[in-house]
Amino acid sequence: MSITYKDAEGIRGMRTACRLAAEVLDFLTPHIKPGLTTREIDLLAAECMRKQGTTSATLGYQPPGYPPYPASLCTSVNNVVCHGIPNDKPLKKGDIVNVDVTVIKDGWYGDTSRMFVVGEASIAARRLVNLTYEAMWHGIVQVRPGAHLGDIGWAIQQFAERNGFSVVREFCGHGVGRNFHEEPQVLHYGKPGTLEELKPGMTFTIEPMINAGRKEVKELGNDGWTIVTKDHSLSAQWEHTVLVTESGWEVLTLSAGSPPPPAFVHG
């Protein structure tokens, strides 16, 4: 599959789908408290999508070698790196949870995720969540025509490792548009000036998975999806879908409830 470049109509479609994905997270935000189960988060999101007129991209999603994914979103708690399947275990005070939403609207896919701190969490957990958010934005601000994918990965890796964290290697960002996963792959580590050159009309996710401990991960149990840190350390992830514009970048997955960009971001 080659990279797809979105024209004006495609960009309009992506803006709508991505905004709606972010609005699902806005809707969920006040509900995520101690005692809520991740399955209840999933049910709330499914109802929100129904009212929006969107479809979950994850429900029934089955890439080669995987079982069908059984939920409308992913919920990754504490040491779960990604692809956590919603279940009946209540969230407890101090948990951190990533909620990853992808919706389909008029054939376009919008993909985004946020971290939520459940009640009062430890200083270490909050630091990981906050600095992972900053790491994503360090990648986003590299985006402009003529830059390279390696510039994004390098910026994220340097920031994360400078703060004592590690970057997961096995999972990465990806192109998104008429398909859930398109080219290119967007690594969250790398070297400046390497990999694909960025050109206007590209749309892709930047979604670093940052571990408090070592970078190694493993599959949990036998559900075919859940990935956890090998050393049981906490993991955090944030995700935006980004458009390469004629002069720089546009974050498509922004909504009224999106956390503001860090102070260093101008664009």
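Our structure's up above, just so we're on the same page.
Residues numbered from 1 in each chain as written. Predicted model: local features only at pLDDT ≥ 70, side-chain atom pairs only at ≥ 80, totals over all residues. Heavy atoms only, no water.

### Let's talk about the nonpolar core
Argument step 1. Val 143, Ile 152, Leu 198, Phe 204 and Ile 206 are the most contacted members of the largest nonpolar core, which has 35 residues in total.
Argument step 2. Among the elements of the structure, helix H3 (123-140), helix H4 (149-162), strand E9 (203-206), strand E14 (240-244) and strand E15 (249-251) are those that each provide at least two residues to this core.
Argument step 3. Among the elements that line this core, the one with the most residues is H3, at nine residues.
Argument step 4. Beyond its immediate stretch of four places on either side in the chain, Phe 204 contacts Val 143, Ile 152, His 174, Gly 175, Val 176, Val 186, Leu 198, His 240, Thr 241, Val 242 and Val 244. (Core = buried A, V, L, I, M, F, W, Y, C linked by side-chain atoms within 4.5 Å. Buried < 20%, exposed > 50% of the residue type's maximum accessible area, 1.4 Å probe, protein only. Helix = DSSP H or I, 4+ residues; strand = E, 2+ residues; numbered from the N terminus. Contact = heavy atoms within 4.5 Å.)

### Overview of the layout of surface pockets
Argument step 1. If you add up the space inside the largest pocket, you get close to 620 Å³.
Argument step 2. Lining the largest pocket we find 29 residues, and of these His 83, Phe 171, Cys 172, His 174 and His 181 sit closest to its centre.
Argument step 3. Of all elements in the fold, only strand E2 (74-77), strand E3 (80-82), strand E4 (96-105), strand E7 (173-175) and strand E8 (182-186) reach the threshold of two or more residues within the lining of the largest pocket.
Argument step 4. Its residues assigned to classes, the lining of the largest pocket comprises twelve nonpolar, ten polar and seven charged.
Argument step 5. Put simply, the second largest pocket is a space of about 310 Å³.
Argument step 6. Lining the second largest pocket are 18 residues, with Thr 75, Val 77, Val 80, Asn 87 and Lys 89 positioned closest to its centre. (1 Å grid on protein atoms, 1.4 Å probe; cavity = no way out; pocket = protein on both sides within 12 Å on 5 of 7 lines; lining within 4 Å. Points joined across faces, edges and corners; volume = space filled by probe spheres on them. Nonpolar A, V, L, I, M, F, W, Y, C, P; charged D, E, K, R; others polar.)

### Things to note about empty space enclosed by the protein
Argument step 1. Applying the stated criterion across every chain yields a total of one cavity of 30 Å³ or more.
Argument step 2. Of the volumes computed, that of the largest cavity is approximately 40 Å³.
Argument step 3. Of all the secondary structure elements, the ones that give two or more residues to the lining of the largest cavity are strand E5 (108-117) and H3.
Argument step 4. It is E5 that contributes the most residues to the lining of the largest cavity, three residues altogether.

### Side note on the side chain of Glu 239
Argument step 1. Note on placement: Glu 239 falls in the loop between strand E13 (235-237) and E14.
Argument step 2. Despite being buried, Glu 239 has no salt bridge partner; Arg 114 is the closest side chain of opposite charge, sitting 10 Å away.
Argument step 3. What Glu 239 contacts, discounting residues up to four positions off in sequence, is Asp 100, Asp 111, Thr 112, Ser 113, Met 136, His 174, Thr 205, Ile 206, Glu 207 and Thr 253. (Lys, Arg positive; Asp, Glu negative; His and termini not counted. Salt bridge = Lys/Arg side-chain N within 4 Å of Asp/Glu carboxyl O.)

### Let's talk about unusual backbone geometry
Argument step 1. Cis geometry is adopted by the peptide bond preceding Pro 184, which originates at Glu 183 and carries an omega value of 5 degrees.
Argument step 2. Position of Pro 184 relative to the elements: it lies in strand E8.
Argument step 3. Despite not being glycine, His 83 shows a phi value in the positive range, around 65 degrees.
Argument step 4. Tracing the backbone shows His 83 in the loop between E3 and E4.

### Concerning the sheet that holds E13
Argument step 1. Strand order across the open sheet formed by three strands is E6-E10-E13, with antiparallel pairing between neighbours. Only two strands of the sheet have a single partner each, and these edge strands are strand E6 (166-167) and E13.
Argument step 2. Pairing of E6 with strand E10 (residues 209-211), which is carried by two bridges, proceeds in the antiparallel orientation. Looking across to E10, one finds that Val 167 is bridged to Ile 210.
Argument step 3. Where H3 meets the sheet, its contacts fall on E10 and E13, and the angle it forms with E13 comes to roughly 35 degrees. (Pairing = 2+ DSSP bridges. Axes fitted to C-alpha atoms, helices over the stretch in contact; angles between N-to-C directions.)

### Observations regarding the sheet that holds strand E12 (residues 227-229)
Argument step 1. One open sheet holds the three strands; their spatial order is E3-E12-E11, and the pairing between them is antiparallel. Pairing within the sheet leaves two strands with one partner each, and these edge strands are E3 and strand E11 (217-219). For this sheet the average axis-to-axis angle between neighbouring strands, irrespective of direction, equals 45 degrees.
Argument step 2. As judged from the two bridges shared by E3 and E12, these two strands associate in the antiparallel manner. Within E12, the position partnered with Val 80 by the bridge is Val 228.

### Quick look at the pairing of E4
Each regular strand displays side chains that alternate between the two surfaces of the sheet.
Argument step 1. Of all ten residues in E4, eight are buried, a share of seventy percent or more.
Argument step 2. In this sheet, E4 lies alongside strand E1 (residues 55-56) in antiparallel orientation, the contact comprising two bridges. Pairing of Thr 55 across the sheet is with Ile 104, part of E4.
Argument step 3. Sheet topology note: the E2/E4 ladder contains four bridges and is antiparallel. In the sheet register, Cys 74 faces E4, and the bridge partner there is Asp 100.
Argument step 4. As paired elements, E4 and E5 share ten bridges and run antiparallel to each other. Within E5, the residue paired with Lys 105 across the bridge is Trp 108.

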